[in-house]
Amino acid sequence: MQPQLAGFLPREHLQQLVELLQLHDYEVFGPQVRDGAIVYLNLQDVTQLPQGVNDHQAAGYYRLGNTPSVRYFDWANGPESLKPFLFAPREVIWQARRSSEGAIEFIPPEPVIQKRAVLGVRACDLAGLRLQDLHFLKSEFKDPWYEARRKGLFLISVNCARPADTCFCASTGDGPAAGMGFDLNLTELDDGFLIEVGSDEAEDLIATLRLKPASEEQLSAQYAQYKHAVEVQQRALPDIPLMNILQNNHDHPRWDDIAERCLACGNCTQVCPSCFCHSEGDVVTLDGEQSDHVREWDSCFTADHGYLAGFQVRPDTKSRYRQWMTHKLDSWHAQYGRSGCVGCGRCTTWCPAEIDFVKEARIVSGEDEV
Ligand code: SF4
Ligand code: SF4
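The rules behind each value
The written sequence of each chain sets the order in which its residues are numbered from 1. Written order decides the labels, with chains lettered from A and ligands numbered from 1. The predicted nature of this model means local features are confined to residues of pLDDT at least 70 and side-chain atom pairs, given and counted, to a pLDDT of 80 or more, with totals for whole chains, interfaces and linings taken over all residues. Think of the side-chain values as coming from all heavy atoms in the structure, minus any hydrogens and water. Near is defined per residue: the residue qualifies when any heavy atom it owns lies within 4 Å of the molecule or strand. In this count, Pro and Cys sit with the nonpolar residues alongside Ala, Val, Leu, Ile, Met, Phe, Trp and Tyr, while Asp, Glu, Lys and Arg are called charged and the others, Gly among them, polar. Should a side-chain nitrogen of Lys or Arg be within 4 Å of a carboxyl oxygen of Asp or Glu, the pair is scored as a salt bridge. Secondary structure elements follow DSSP: runs of H or I no shorter than four residues count as helices, runs of E no shorter than two count as strands, and numbering proceeds from the N terminus. The convention used is that axes are lines fitted to C-alpha atoms, helices contributing only their stretch in contact, and that angles between N-to-C directions extend from 0 to 180 degrees. Under this scheme an angle from 65 to 115 degrees is roughly perpendicular, one under 35 degrees roughly parallel, and one over 145 degrees roughly antiparallel; angles in between are oblique. Every residue pair with non-hydrogen atoms within 4.5 Å of one another is taken to be in contact. A 1.4 Å probe that fits into a set of points on a 1 Å grid over the protein atoms alone but cannot get out defines a cavity; an open set with protein on both sides within 12 Å along at least five of seven lines defines a pocket, and lining residues are those with an atom within 4 Å of a point. Grid points are joined across faces, edges and corners, and a volume is the space filled by probe spheres set on the points.

The protein is annotated in an unreviewed UniProt entry as 4Fe-4S dicluster domain-containing protein from Pontibacterium sinense.

So, in structure tokens, the structure goes:
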């Protein structure tokens with residue numbers, strides 16, 4: 001359904017929404033502070049949300065701060081996107097067992113649909129999810145584990161009011177407001193939340209919430225908040241479409257410069273909401289009776305990931321970083337019809353070498369001088 005405004009939920013009634021989801025058998029997840037970062041954890045009560053917490057982000061820098069604000073979502077994003085909810089970092093995708101007669105028995109996968117609701121999703125992460133859907137669900141072979149988790153997912157997004165200095169979702173067209181792909185979308189104001197409905201299920205679910213009609217003043221505040229969140233974003237990918245441009249700049253000297261700094265740790269690919277590379281392997285019991293076939297997240301930056309058909313095709317950090325950025329911003333267009341970057345800025349924030357993805361893309365594409 002086309003998203004539509006449902007009304008206004010006073011701040012003190014947000015808990016009712018959480019309880020409604022629980023009543024409909026959803027396990028609810030929401031942003032919470034753990035170990036100095038905002039991550040998604042099981043949410044029982046809105047008092048667990050990061051009220052009066054903001055974040056400060058720069059290349060290789062992430063710190064939380066406290067403010068007197070009553071708001072729960074006055075921060076940009078944490079290290080986690082929706083990716084781990086659907087594409088598990090590590091999972092057994094099939095097993096093999098040896099029967100008493102010595103025959104090998106393969107145990108097929110049994111994906112389970114779990115009802116999970118995630119509160120506090122950002123627009124960039126909805127966009128990242130759409131990219132993951134394209135990869136895991138829209139090709140000839142669907143991923144049954146991803147599909148099962150996707151079916152059970154209920155998404156409550158929140159429009160960003162306070163982007164971080166690393167954010168550039170306005171330049172990719174993926175934020176800061178969530179335009180689609182949610183069940184419910186909230187705009188947080190000081191006294192409560194404007195709620196948009198994006199699915200029939202959500203419309204039925206919130207029918208029992210006593211929403212008030214949105215006032216003109218609240219709608220103006222919503223627009224002003226959106227405008228501010230666009231205007232404060234100072235970073236942008238090059239204006240030119242990068243399709244074929246990075247591929248044609250394979251010998252740009254900046255790749256060597258990046259490689260001197262890059263640790264090949266793979267942090268950037270782990271936090272990226274659209275990266276989907278993985279490896280597979282078998283874990284066999286010591287007696288040889290059973291084997292688990294395991295799928296794990298992998299990265300352009302690992303040596304094994306570049307080992308294809310008996311050859312190491314990406315022997316050094318330079319070729320691995322170049323592969324990552326060129327796929328993400330260039331060849332992704334041919335593969336999926338758009339860039340693979342949704343402007344969340346995580347790869348820059350969580351890079352221990354302070355490598356700035358936007359800055360490097362602008363230099364390698366010729367948009368900026370070194
Ligand atoms: S760019 Fe940064 S985060 Fe990515 S592999 Fe290199 S050092 Fe690690
Ligand atoms: S490449 Fe970086 S900024 Fe773009 S979606 Fe991935 S983590 Fe976010």
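Still more ground to cover, so stick around.
Time to look at the site of ligand 2. What surrounds ligand 2 is the set Phe 168, Cys 272, Pro 273, Trp 324, Lys 328, Cys 341, Val 342, Cys 344, Gly 345, Cys 347 and Phe 357. Here the shell around ligand 2 is built from residues that sort into nine nonpolar, one polar and one charged.

Using the criterion set out here, one finds 21 salt bridges in the structure. The closest approach of N and O atoms between Glu 360 and Arg 261, which form a salt bridge, is 3.0 Å. With Glu 360 in helix α12 (residues 357-364) and Arg 261 in helix α8 (residues 254-261), the pair connects residues that are 99 residues apart, well separated along the chain. Shared partners join several salt bridges into a network, and the residues in it are Glu 91, Asp 143, Arg 149 and Arg 295.

This part takes up the packing of α8 against α12. Closest axis-to-axis distance for the α8/α12 pair is 10 Å, and the angle between their directions is 155°. Comparing the axis directions of α8 and α12 gives the class roughly antiparallel. Taking contact as the criterion, the partners of Arg 254, Trp 255, Ile 258 and Arg 261 in α8 are, on α12, Lys 359, Glu 360, Ile 363 and Val 364.

The next point concerns the layout of surface pockets. Considering only enclosed or pocket space, the largest pocket measures out at about 320 Å³ in volume. In this structure, the largest pocket is lined by 17 residues; those nearest its centre are Arg 150, Gly 181, Phe 182, Asp 183 and Ser 199. For the lining of the largest pocket, the secondary-structure elements that each account for two or more residues are α3 (123-137), α4 (144-151) and β9 (153-158). Looking at the lining of the largest pocket element by element, the count peaks at three residues for α3. Residue classes in the lining of the largest pocket are distributed as nine nonpolar, three polar and five charged. Elements that contribute at least two residues to the lining of the second largest pocket include exactly α5 (169-172) and α10 (317-336). Here the residues of the lining of the second largest pocket sort into eight nonpolar, four polar and two charged.

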